[in-house]
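Topology and contacts: notes
Read off the chains here:
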Amino acid sequence: MKPSVTNDNDDDEIGFANAIGEFDALIDIIANERKGNIVTEDGGSSVIQLLQSKHQCSKYISTLSKSQNIVKKNGLIFGPGKANAHVKSLETINPQKCIPLVPSPGFGKSTLQVLLDNKIIFPSKSNKATVTRGWSMQDFWEETSWPRDSNGSGVRFGMPVIEEEDLDALFQKERLLIQQGTRIGARREEVEEEGRTAVQVKIEQENPYVREIFGVQGLADEVITQRKNCVVFVAMRSCRTCKAINPIYTRIAREYDGDLMFAKADASGSAGKALGRQLGVAAVPSFVLFRKGIRYGVVSTSKLPSDRLEKAISGMESGKDFDTSLQEGDD
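Below is a short write-up of the structure. For every chain, the first residue of the written sequence is number 1, and numbering continues from 1 onward in sequence order. The model is predicted, so local features are restricted to residues of pLDDT at least 70 and side-chain atom pairs to those at 80 or more, both for listing and for counting; the totals for chains, interfaces and linings are taken over all residues. To get the side-chain values, all heavy atoms of the structure are used, and hydrogens and water are removed first.

A closer look at helix H3 (residues 66-91)
Turn by turn, an α-helix covers 3.6 residues, leaving residues three or four places apart pointing in a common direction. Taking 1.5 Å as the rise per residue, H3 with 26 residues should run 38 Å; its terminal C-alpha atoms sit only 14 Å apart, a clear shortfall. Its axis deflected by about 145° at glycine 75, H3 carries its strongest bend there. Note on classification: 1.4 Å probe, protein chains only; a residue is buried when its accessible area is under 20% of the maximum for its type, exposed when over 50%, partly exposed between these limits. Numbering of helices and strands runs from the N terminus; a helix is a DSSP stretch of H or I covering at least four residues, while a strand is a stretch of E covering at least two. Among the residues of H3, Ser67, Gln68, Ile70, Val71, Gly79, Pro80, Ala83, His86, Val87 and Glu91 are the ones counted as buried. In a helix, the anticipated span is given by 1.5 Å times the number of residues less one. The reported bend at a residue is simply the angle between two axes, fitted to the 7 residues ending at it and to the 7 residues beginning with it.

Written as structure tokens, this is what we have:
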């Protein structure tokens, strides 16, 4: 289907999922929403969850192949060669070393044959006894040109998205979960802010996963003077995407196995803007990396998990220089 359907009553375009209403299954041939950029509390995709809750869609199937994913990540200059090499490598596999799979009930004429007839999967061009699905220019352009929802989440238009009130509830729930079992208090202190003395109330939060950083002085105290290896998630209270990826950032911090501090800084207000300038952040959400207290680089992404952020962290920990190609781009 196309992303949108025209409403006959007022000529407005509505997403295909809302136009259909309820449906049993969805076969996605150009992307994989199980790896979507908004992730639920248990690590799953919110798009899959919303397909079930809003449209009673109990089965989501993605036919996105590794070849398609290779071209998507590497682009049309380097991707096709790598994708074709991957297909050729599959043709050399000894069938005797493959694991036989027992098809589910109904798999055949109603599923596999339909995919074959519509050229969604197709046999390789060689005489090898291998069936592979490569990539096509049509699928590549369809995925890259598919419009995104205007809410800023990056979800393809037509797919269900989390509403603003749901995001606020999710954000508050995540903060309450963090605070459970932690020491919460407040202290008043005087801070120098743009040439004047201001009274600021700070929350003392012994968060075992994500450290809150307050202003430029907080960055100096928590990261720079202590020569920390650190990732700072720079967000704003008004940023919808920041709220959406906040729970998964906490989960990444909780599950990370290594000597790396995960922190979060609010770029709102005058103190937050000053911190943003100090960090060299042009937009949120952004992730600023520090190696031994020295700014290493910044990765701007609206998606977590992020391949670019993972590569930047790996490079930092292995002693490599920052790869500037990781600053912006697709994950």
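Looking at unusual backbone geometry
Residue valine 284 is joined to proline 285 through a cis peptide bond whose omega torsion reads 0°. Secondary-structure assignment places proline 285 in the loop between helix H9 (269-279) and strand E12 (286-291). With an omega of -5°, the peptide bond running from leucine 304 to proline 305 counts as cis. Relative to the assigned elements, proline 305 resides in the loop between strand E13 (294-300) and helix H10 (307-317). With a phi angle near 50°, arginine 227 is a residue other than glycine that sits in the positive phi range. Tracing the backbone shows arginine 227 in the loop between helix H7 (215-224) and strand E10 (230-235). We classify arginine 227 as exposed; its relative accessible area is 53%. Despite not being glycine, lysine 292 has its phi angle at roughly 55°, a positive value. Locating lysine 292 in the fold gives a position in the loop between E12 and E13.

A word on the environment of glycine 134
Summarising the element assignment, glycine 134 is placed in the loop between strand E6 (131-132) and helix H5 (137-145). For glycine 134 and alanine 83, which are 51 residues apart along the polypeptide, the C-alpha to C-alpha distance reads 7.1 Å.

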